[in-house]
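Here is how the chains run, residue by residue.
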Amino acid sequence: MERYFQPEIERASREEIVRIQNEKLVKQIKHVWEDLPYYRKKMMDAGVTPDDIKTIDDIKKLPFLSKADLRDAYPYGMLAKPLKDCVRIQSTSGTTGKRVVAFYTQHDLDLWEECCARAIVAAGGTNEDVCQVAYGYGLFTGGAGLHGGSHKVGCLTVPTSSGNTERQIMFIMDLKATILCCTPSYAAYLAESMKEMGYGPDDIPLKAGIFGAEPWSEEMRHNIEEMLGIKAYDIYGLTEISGPGVSFECSEQRGMHINEDHFYAEIIDPDTGETLPEGSQGELVFTCLDKEAFPMIRYRTRDICVLTREKCSCGRTHVRMRKPQGRTDDMLIIRGVNVFPSQIETVLLNQGYAPNYQIIVDRVNNTDTFEVLVEMTPEMFTDNIGAIADRQAKLSAGLLSMLGIKAKVSLVAPKTITRSEGKAVRVIDKRKV
Amino acid sequence: MSVKQISVFLENKPGMLNQMTAELAKSGINMRALSLAETKDFGIARIIADDTLSAMNALKENGFIAALTPVLAFEIPNEAGGLNHLLQTLTDAEVNIEYMYSCLSLRGQSKAVMVFRVTDTEKSESALVSRGLYSLTQEEI
């Protein structure tokens, strides 16, 4: 039987959801107009005032926010509450030099943790469960979000944080952990390690896993589910909007329900900014309807996604999003299929390789050719040609499963992938169209 | 007594093998035996060098990917049926040969040397030695 953390809202009628969204948006726009000068200026530039916003449909009139705005406003420019009302920050890794610092009031933390609690209950969690949180703790939202959610559900929370695989396995086995929260690649690694230690799916007490924060394929899901003897649920989120739990998977495992009483989602054409109808593929945009300290309005995630309001057998009425297909900034269309370099990176990482690759696209006899060059590494090299060919075939299969089209995988000598100013050139498109 | 073979990854394009031999020549390394295995886009050069350590260092320092693999080196008579006798022994011992190549013997023209990689190095070696075949050491090859 399907269980819900907040059944009234998770199963609310469409009309009820729209009513809540209308009410919250009007209030939120008044809040940012009064308390967030950065966004007020954007609204004034666009010729919009709070009086223009009466229903959720009026959201189209509002200007977008993007990563560039967050960079401009760093660190305090996007703060819409006095510091005395804020209780926490979380931050992104900033590896690309674009660190985001997000602020939370107690109200913001509560609603975020409730969203994570919904995800845990959707994965079958109750107060009888032992929930091991192996996401990183600290500035990263992964650990904090699921930790808070686990508390709200009343699970016995095991805050192992990431790493120290031996200890993770010891706690899973000794404390009989039933729910595991971590990144999918770490789940796969844990599964491999447990297999090596001789634990089969029947010995492992886990029943569910909540895995997110990076892209993963259906193939990877099946592998993890089989090896650990669990059902693996996807979870999505981003620090700008709150963290994990912006959307989550239910038992149906077909798309993630967006917590749209808090986060309103739109799909737009990334070039024109125009809102696209349901079912279209485009850029995912989020508006925080009731966050206080860091209220992103029409924030462009750059994730390419599709939304659906088709009825879900789990009973939840909230809109579902498909797993993001990639990022707007680097999409390629090969043989009519959208391909994102990040997907190739994911396959390489999932199979234990360094993400050192180059995509070469060309057109021969009116057909696109698609080749992925991968640099040979000492770890991957063996004297056995058959073993190398097997690895090559496994990479090809992984790419096919992730992308839906076949790629030729070529192994090249180390350090031969073209680099410009120290950064590898990831895509060479030779097509003359 | 297995012998250390150096296996080098080579991309299958003009000049790659030459780049490798250039590095070995610069370091004054003589190759005692060499074999090439190739696929469509890459190959593996298998080398037995007179100075394994220096050869490995020279290759690695110059960006080559190289690994050491234990292989067996046996002396056989340089005459009709010489190899057949050795292979019959391995067949009897039910050992599979992954690959094999030959090189010159330092011990005169009446001898030849076979280098081979098998699924079970120890088992093969004891079978061959028990039939009177001579296993070469790294120095003898």
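Residues numbered from 1 in each chain as written. Chains lettered and ligands numbered in written order. Predicted model: local features only at pLDDT ≥ 70, side-chain atom pairs only at ≥ 80, totals over all residues.

### Quick look at the overall build of chain A
Counting its secondary structure elements, chain A contains eleven helices and 22 strands. Looking at chain A as a whole, 43% of its 433 residues qualify as buried. Long-range pairs, those at least 24 residues apart, make up 66% of the contacts in chain A with a sequence separation of at least 6. (Helix = DSSP H or I, 4+ residues; strand = E, 2+ residues; numbered from the N terminus. Buried ≥ 20, exposed ≤ 12 C-beta atoms within 10 Å, placed from the backbone. Contact = placed C-beta atoms within 7 Å.)

### Notes on the overall build of chain B
The secondary structure content of chain B amounts to four helices and seven strands. Moving toward the C terminus, one meets the helices and strands of chain B in the order β-α-β-β-α-β-α-β-β-α-β. Counting all 141 residues of chain B, 30% fall into the buried class. Contacts in chain B between residues at least 24 apart in sequence constitute 68% of all its contacts with a sequence separation of at least 6.

### Quick look at the pairing of strand S5 (residues 179-182) of chain A
Residues and elements named next belong to chain A. Here S5 shows a buried face lined by Ile179 and Cys181 and a second buried face lined by Leu180 and Cys182. In terms of strand pairing, strand S3 (residues 130-133) meets S5 through three bridges, oriented parallel. When the bridges of S5 are listed, Cys131 appears paired with Ile179. Note that S5 and strand S6 (residues 208-212) share four bridges and pair parallel. In the sheet register, Cys181 faces S6, and the bridge partner there is Ile210. Handedness of the S5-helix H8 (residues 184-196)-S6 crossover: right-handed. (Pairing = 2+ DSSP bridges. Right-handed = clockwise from strand over helix to strand, strands pointing away.)

### Structural notes on the interface of chain A and chain B
Tallying the contact residues gives 13 residues for chain A and twelve residues for chain B. Elements that contribute at least two residues to the side of chain A that touches chain B include exactly helix H11 (385-403) and strand S19 (408-412) of chain A. With three residues, the single largest contributor to the side of chain A that touches chain B is S19 of chain A. Each residue belonging to the side of chain A that touches chain B can be placed in one class, and the counts come to nine nonpolar, two polar and two charged. (Nonpolar A, V, L, I, M, F, W, Y, C, P; charged D, E, K, R; others polar.)

### Remarks on the environment of Gly279 of chain A
Residues and elements named next belong to chain A. The topology assignment puts Gly279 in the loop between strand S10 (263-268) and strand S11 (281-288). Measuring from C-alpha to C-alpha, the distance between Gly279 and Val306 comes to 5.7 Å, with 27 residues separating the pair along the chain. Apart from the residues within four sequence positions on either side, Gly279 is in contact with Val306 and Thr308.

### A word on the environment of Thr369 of chain A
Residue and element names in this part refer to chain A. With respect to the element layout, Thr369 can be found in strand S18 (residues 367-375). In this structure, the C-alpha to C-alpha distance between Thr369 and Arg335, residues 34 residues apart in sequence, is 8.3 Å. The contacts of Thr369, once residues within four sequence positions are left out, are Val361, Asp362 and Val364.

### Points about the pairing of S3 of chain A
All names here are of chain A. Taking every second residue as pointing to the same face, both faces of S3 are buried, with Val130 and Gln132 on one and Cys131 and Val133 on the other. Pairing analysis gives three bridges linking S3 to strand S4 (residues 156-158), with the strands arranged parallel. Bridge pairing links Gln132 to Val158 in S4.

### Re the packing of helix H5 (residues 106-122) of chain A against helix H6 (residues 141-153) of chain A
All names here are of chain A. Their axes nearest at 7 Å, the elements H5 and H6 cross at an angle of 75 degrees. Regarding the angle of H5 to H6, the classification is roughly perpendicular. Within the contact between the two elements, H5 uses Leu109, Trp112, Glu113, Glu114, Cys116, Ala117, Ala119, Ile120 and Val121 and H6 uses Gly145, Leu146, Gly148, Gly149, Ser150, Lys152 and Val153. When the residues that make up the contact of H5 with H6 are grouped by side-chain class, the tally is nine nonpolar, four polar and three charged. (Axes fitted to C-alpha atoms, helices over the stretch in contact; angles between N-to-C directions. Parallel < 35°, antiparallel > 145°, perpendicular 65-115°, else oblique.)

### Some points on the nonpolar core
Grouped together as the largest cluster of nonpolar side chains are 93 residues, with contacts concentrated most on Ile120, Ile179, Cys181, Ile210 and Phe286 of chain A. Looking at this core element by element, the count peaks at ten residues for H5 of chain A. Those residues in contact with Ile120 of chain A that lie beyond four places of it in its chain are Gly125, Cys131, Gly149, Ser150, Val153, Cys155, Ile179 and Ile210 of chain A. Formed by 57 residues, the second largest nonpolar core is a distinct cluster that contains Ile344 of chain A together with Phe9, Ile29 and Leu136 of chain B. (Core = buried A, V, L, I, M, F, W, Y, C linked by C-beta atoms within 7 Å.)

### Some thoughts on the sheet that holds S19 of chain A
Residue and element names in this part refer to chain A. With mixed pairing, the four strands of this open sheet are ordered in space as S19-S18-S17-S22. Edge positions in the sheet fall to S19 and strand S22 (427-429), since each has one partner strand and no second. Sheet twist, expressed as the average angle between the axes of neighbouring strands with direction ignored, equals 20 degrees. Of the strand pairs in this sheet, strand S17 (residues 357-364) and S18 are connected by eight bridges, and their pairing is antiparallel. Within the sheet, the bridge partner assigned to Val364 lies in S18 and is Thr367. Docked against the sheet, helix H10 (residues 341-350) engages S17, S18 and S22, running at close to 130 degrees with respect to S17. Each of S18 and S19 is contacted by H11, which is oriented at about 135 degrees to S19, the strand it contacts most.

### Regarding unusual backbone geometry
All names here are of chain A. In this model, Tyr74 is joined to Pro75 through a cis peptide bond whose omega is -5 degrees. Within the secondary structure, Pro75 sits in the loop between helix H4 (67-73) and strand S1 (86-91). Non-glycine residue Ser161 carries a positive phi angle of around 60 degrees. With respect to the secondary-structure elements, Ser161 resides in the loop between S4 and helix H7 (165-174). Phi is positive for Asn164, close to 50 degrees, though the residue is something other than glycine.

### Thoughts on the confidence of the model for chain B
In the predicted model, chain B carries a mean pLDDT of 92, and the fraction of residues at 70 or more is 100%. Scoring of the predicted complex yields 0.68 for pTM and 0.85 for ipTM. (pLDDT = per-residue confidence, 0-100.)

### Structural notes on the packing of H7 of chain A against H8 of chain A
A pair of packed helices is captured by two measures, namely the crossing angle of their axes and the spacing between those axes. Residue and element names in this part refer to chain A. Here H7 crosses H8 at 75 degrees, and the two axes come no closer than 10 Å. Judged by the inter-axis angle, H7 sits roughly perpendicular to H8. Only Tyr189, Leu190, Ser193 and Met194 of H8 make contact with H7, whose side of the interface consists of Thr165, Gln168 and Ile169. A breakdown of the residues in the contact of H7 with H8 according to their chemical character gives four nonpolar, three polar and no charged.

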